[in-house]
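Chain by chain, the residues:
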Amino acid sequence: MLLARHGQTMFNVIYGETRKDPGLIDPPLTDKGKYQAETLAAELRGLGVARLICSPYTRALETAEIVGGALGLTFTVEANVRERRAFYCDIGTQALDLARNWPNLDFSHLPNIWWNHVEETVPNFHERCAGFRRSAAAQDGWLETAVITHWGVIRSLTGRRVGNAETVRFDPNDPHPPLELTWP
């Protein structure tokens, strides 16, 4: 399985410069983020990716749309690979609005408010990521799956810190998942 972080957003730009939350809710990709998604698609081409999964945040959906379009793949939305609710950018868009914005995708399995209402505790976040790990390990085809997700999810599952549109190979059957990680 490949885990890929979404492309750049204005949150990433401003927070990277100031280390302060700019108060942007569910931000879209910047032009650079769209270019990063195109580069990600080129990287994934030829790697045998047959299935795409993505988080319901706009930045992940836009990244998956670019990657899926380039690879000729549709994608499914999986709320368990969403980012940990810690900043304003982790307040999502309601499922009904996502369905209007992406009418070709199925959001019917999501509650209308699918993100955490308050900051998600680190232990709860790690348990949610571990649940995704178990679910992925139980599915056929995980070797041919790419997941468009977030910094925190990749960090929880692999122990690695990644930049925008970076990928990490991930084996959900690995018997040695990262131990208690400090946050961030």
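First things first, this report covers the structure right here in the doc.

About the cut-offs
- Residues numbered from 1 in each chain as written.
- Predicted model: local features only at pLDDT ≥ 70, side-chain atom pairs only at ≥ 80, totals over all residues.
- Heavy atoms only, no water.
- Phe/Tyr/Trp six-rings, centres within 6.5 Å; stacked < 30°, edge-to-face > 60°.
- Buried < 20%, exposed > 50% of the residue type's maximum accessible area, 1.4 Å probe, protein only.
- Lys NZ or Arg CZ within 6 Å of the ring centre and 35° of its normal.
- Helix = DSSP H or I, 4+ residues; strand = E, 2+ residues; numbered from the N terminus.
- Expected span 1.5 Å × (residues − 1).
- Arc of directions from axis to C-beta.
- Contact = heavy atoms within 4.5 Å.
- Polar contact = N/O pair within 3.5 Å; in protein donor to acceptor, adjacent residues only side chain to side chain.

What to know about the packing of aromatic side chains
Point 1. All told, the structure shown has 5 aromatic pairs when counted by the stated rule.
Point 2. Measuring from centroid to centroid gives 5.2 Å for Trp 114 and Trp 115, while their planes differ by 85°, and the two rings are edge-to-face. Assigned by exposure class, Trp 114 and Trp 115 land together as buried.
Point 3. Feature note: the residues Phe 11, Tyr 15 and Phe 87 constitute an aromatic cluster, connected by ring pairs.
Point 4. The aromatic ring of Tyr 57 is capped on one face by Arg 59, whose charged end is 4.5 Å from the ring centroid.

Quick look at helix 5 (residues 122-137)
Point 1. Between its first and last C-alpha, helix 5 extends 22 Å over 16 residues, near the 22 Å set by a 1.5 Å rise per residue.
Point 2. The complete set of buried residues in helix 5 reads Phe 125, His 126, Arg 128, Cys 129, Phe 132, Arg 133 and Ala 136. What you see down the axis of helix 5 is that its buried residues fit within an arc of 160°, all on one side.
Point 3. Of the surrounding elements, those touching the buried residues of helix 5 are strand 4 (145-149) and helix 6 (151-158).
Point 4. The N-terminus of helix 5 is capped by Thr 121, whose side-chain oxygen sits 3.1 Å from the backbone nitrogen of Asn 124.

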